[in-house]
Amino acid sequence: MIFNKDYFEKVFDKESPWGYSTSEYEKKKYLRQLEAIVRCCREPKNILEVGCAEGIHTAMIAQAFPGARILCVDIATQAIERAKKTCDCFKNVELMEGDIIELFSRGKLPSHKFDVIVQSECLYYLFPTLLFRMDLVSYLRGMARTLTDEGIFVTSNGINAVTRNVMGIYYLILKRYCAPVFSAQYREWNEYRNKHVTYDLRVFRKVNRRERIQEPELAAQAP
Ligand SMILES: C[S@@+](CC[C@H](N)C(=O)[O-])C[C@H]1O[C@@H](n2cnc3c(N)ncnc32)[C@H](O)[C@@H]1O
């Protein structure tokens, strides 16, 4: 199944799919991602949120980092329209409708780089499209190029029998461009799905090419 714009427009025919606005499960997950940003990148100036949906997480990011400019992208028109309302009072939030795969590959994002990229519960949806187009590596390379030196990529993803493998592939490829700096897994009650759900939270820091080349030399010098 391909999770394209039509798919998500149908999902957003329903107000607040997945119960973002009221869910304690989601709120806790958003807070954990915020804590991870604070821990790994104290004063981000530019943040990119990929797959912002109705802007609930966005509003929390905007509040936590009033000095940062936050650009949010979502493929669904209805999601962006609602996110505009949710984030109306935050002057540091800019919302953009678009497919992140196209935006990365065609260089259609602003020319400046981002200290933080957040992609929460979204990466696994891109997998079938990227696999079909044989674009997995270029997507992650494009994402890493969009980060500042030392910039971080924060991602949280529900883990089940399918996504465990999918995320494993992403994380393996990501190691070409970024170093893993934080990894945790949580299992919590999800009121919307009426069952316990497991998700992970990962933070990767961009490493530049020279550092990657030097890595084996440094290891060789170790006693
Ligand atoms: C499950 S929701 C997650 C929303 C929010 N990030 C969160 O953690 O609660 C996935 C979101 O990703 C968006 N999305 C999926 N594929 C996308 C793509 N190719 N480009 C941009 N947004 C996409 C969907 O429209 C949807 O709003």
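This structure is a prediction, so every number in the text was calculated from the model and none was measured. (Residues numbered from 1 in each chain as written. Predicted model: local features only at pLDDT ≥ 70, side-chain atom pairs only at ≥ 80, totals over all residues.)

What follows covers the site of the ligand. Around the ligand, the surrounding shell holds 22 residues, and the nearest of these are F8, G51, A53, I100 and S120. For the shell around the ligand, the secondary-structure elements that each account for two or more residues are β2 (69-74), α5 (100-105) and α6 (123-132). Its residues assigned to classes, the shell around the ligand shows 15 nonpolar, 3 polar and 4 charged. (Near = placed C-beta within 6 Å. Helix = DSSP H or I, 4+ residues; strand = E, 2+ residues; numbered from the N terminus. Nonpolar A, V, L, I, M, F, W, Y, C, P; charged D, E, K, R; others polar.)

With that settled, the discussion passes to unusual backbone geometry. With a phi close to 50°, S16 is a non-glycine residue in the positive phi region. With respect to the element layout, S16 can be found in the loop between α1 (5-11) and α2 (24-40). The backbone of E150 sits at a positive phi, close to 70°, despite the residue not being glycine. Relative to the helices and strands, E150 is located in strand β5 (residues 147-158). A residue is classified by how many C-beta atoms lie within 10 Å of it, and E150, with 12 of them, is exposed. (Buried ≥ 20, exposed ≤ 12 C-beta atoms within 10 Å, placed from the backbone.)

In terms of strand pairing, β5 meets strand β7 (residues 195-206) through 7 bridges, oriented antiparallel. Looking at β7, one finds that G158 is bridged to Y199. Pairing of strand β6 (residues 178-190) with β7, which is carried by 12 bridges, proceeds in the antiparallel orientation. Within β7, the residue paired with Y186 across the bridge is Y199. The loop that links β6 with its antiparallel partner β7 comprises 4 residues; one of these, N194, has a positive phi angle of about 60°. (Pairing = 2+ DSSP bridges.)

Across the sheet, 7 strands lie side by side as β3-β2-β1-β4-β5-β7-β6; this open sheet has mixed pairing. The open sheet has two edge strands with one neighbour each: β3 (93-97) and β6. Strand-to-strand twist across the sheet, computed as the mean angle between neighbouring axes with direction ignored, equals 15°. On top of the sheet, helix α4 (residues 77-86) reaches β2 and β3; it is set at about 165° to β3, its chief contact. (Axes fitted to C-alpha atoms, helices over the stretch in contact; angles between N-to-C directions. Contact = placed C-beta atoms within 7 Å.)

Listed as buried for α6 are L123, Y124, L126 and F127. End-on view of α6: buried residues confined to an arc of 140°, all on one side of the axis. Immediately downstream of α6, the backbone of M134 shows phi near 55°, a positive value. (Arc of directions from axis to C-beta.)

Further remarks concern the packing of helix α7 (residues 136-145) against helix α8 (residues 161-174). Between α7 and α8, the least distance of the axes is 10 Å, while the angle of their chain directions is 55°. One finds that α7 runs oblique with respect to α8. When you trace α7 past α8, the crossing you get is right-handed. Within the contact between the two elements, α7 uses L136, V137 and L140 and α8 uses Y170, I173 and L174. Looking at side-chain class alone, the contact of α7 with α8 contains 6 nonpolar, no polar and no charged residues. (Parallel < 35°, antiparallel > 145°, perpendicular 65-115°, else oblique. Left-handed = near helix turned anticlockwise from the far one by under 90°.)

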